[in-house]
Amino acid sequence: MTAQPTPAVDTYASVAGKTFIVTGGNSGIGAEICRFIGHNRANVVIDWIDREENNQPLIDEITAAGGRAVAVRADVTKVDELQTLVDAAVEHFGRLDVMVNNAGLETRKSLLESTEQDYDLTMNVNLKGAYFGTQLAARQFIAQGGGGVVVNMSSVHEDWPMPGNHAYCVSKGGMRMLTRNAAIELAEHNIRVVGIAPGAVATPMNTESPGWREAEQALKQEIPLERIATTDEIAGLVMFLASSHGTYITATTITVDGGIALESSGL
Ligand SMILES: NC(=O)c1ccc[n+]([C@@H]2O[C@H](COP(=O)([O-])OP(=O)(O)OC[C@H]3O[C@@H](n4cnc5c(N)ncnc54)[C@H](O)[C@@H]3O)[C@@H](O)[C@H]2O)c1
């Protein structure tokens, strides 16, 4: 008997049987997206680069729920390794339907503090990875026919400056334009490109950073909904965008932030 979805894992019936790639897929938001994919009986190539111990429990949960999963190690800063993810989707599941460019990191330094290495690392993971992830997925969508969806995991900081986290904001600003430009270029192929801009989410990116407990308390004061997001509140939107409900959404970024960007930045 297959496992029933947990209350947090809603069902989006039309994604069943579709094949996803999720970069940075074995941790935080990416792992939750993979769980949702499994519980909706779809297929996923889980991209990973560290935390290998997370892979098998995630694959086991996805399989028990009726989905199919394979974990593939690929560094998104390398175009040939990104291509191995697309190749794995075709090899294991026959096609690719949804590319989720989720891998990301932050160096948390100001413009004056940032080194060339900080800049290169942040831009290569957050922007170059998504740029070529979008390109390679689009080429596969066009080759196989039938369109496809790219979801770029951006941030409220694609618009909203965050002093002290300079390269991260620049990379997400670039992702904002990647999403818009790619969506216009690819629309004739029935390929949609959509960004998601989370506010603060309880994931290792935050919870493993120094001073998180104090930062969390301060954030709760600022967020109109008075709490940090949970990962399922982001993953559910990915499912919606990939489902038959999301078919008219493209060339935009959807903010999921409890109201903080508008409240705090006036954007
Ligand atoms: N947590 C938040 O508050 C928040 C807010 C807005 C946006 N985001 C975005 O959500 C995405 C996921 O972050 P998260 O919060 O789940 O953090 P996380 O640290 O749990 O996940 C990031 C993932 O990216 C992977 N990664 C890093 N470098 C990589 C590389 N070179 N190749 C392949 N994978 C690589 C990591 O291994 C990890 O799995 C990121 O793009 C992040 O910018 C997070």
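Anything mentioned here points back to the structure above.
Note that this is a predicted model, so its numbers are computed, not measured.

**Q** Is there a simple way to explain empty space enclosed by the protein in this structure?
**A** In the structure shown here, the tally under the stated rule is one cavity of 30 Å³ or more. Of the pockets and cavities examined, the largest cavity occupies roughly 40 Å³. Here the lining of the largest cavity takes four residues from helix H4 (residues 116–144), the largest share from any one element. A per-class count over the lining of the largest cavity returns five nonpolar, five polar and no charged.

**Q** Looking at this structure, how should I read the environment of asparagine 152?
**A** With respect to the helices and strands, asparagine 152 occurs in strand E5 (residues 148–153). Taking the C-alpha atoms as reference points, asparagine 152 and valine 100, separated by 52 residues in sequence, lie 6.0 Å from one another. Beyond its immediate sequence surroundings of up to four residues, asparagine 152 is in contact with Asn101, Ala130, Thr134, Met175, Leu178, Thr179, Val193, Val194, Gly195 and Ile196.

**Q** Looking at this model, I keep getting lost on the nonpolar core. Mind explaining?
**A** One broad rule of soluble globular proteins: the nonpolar side chains tend to lie buried together. Membership of the largest hydrophobic core comes to 34 residues, with the highest contact counts inside it found for Phe20, Ile33, Val44, Ile196 and Met239. Mapped by element, the contributors of at least two residues to this core are strand E1 (19–22), helix H1 (28–39), strand E2 (43–48), helix H2 (55–64), strand E4 (98–101), E5, strand E6 (191–198) and helix H8 (232–242). At seven residues, H8 tops the list of elements feeding residues into this core. Every residue in contact with valine 44, bar those within four places of it in the chain, is listed here: Phe20, Val22, Cys34, Ile37, Ile62, Arg68, Ala69, Val70 and Phe93. Counting 31 residues, the second-largest nonpolar core is a separate cluster that includes Ala74, Ala89, Ala130 and Ala183.

Basis of the calculations
- Residues numbered from 1 in each chain as written.
- Predicted model: local features only at pLDDT ≥ 70, side-chain atom pairs only at ≥ 80, totals over all residues.
- Heavy atoms only, no water.
- 1 Å grid on protein atoms, 1.4 Å probe; cavity = no way out; pocket = protein on both sides within 12 Å on 5 of 7 lines; lining within 4 Å.
- Points joined across faces, edges and corners; volume = space filled by probe spheres on them.
- Helix = DSSP H or I, 4+ residues; strand = E, 2+ residues; numbered from the N terminus.
- Nonpolar A, V, L, I, M, F, W, Y, C, P; charged D, E, K, R; others polar.
- Contact = heavy atoms within 4.5 Å.
- Core = buried A, V, L, I, M, F, W, Y, C linked by side-chain atoms within 4.5 Å.
- Buried < 20%, exposed > 50% of the residue type's maximum accessible area, 1.4 Å probe, protein only.

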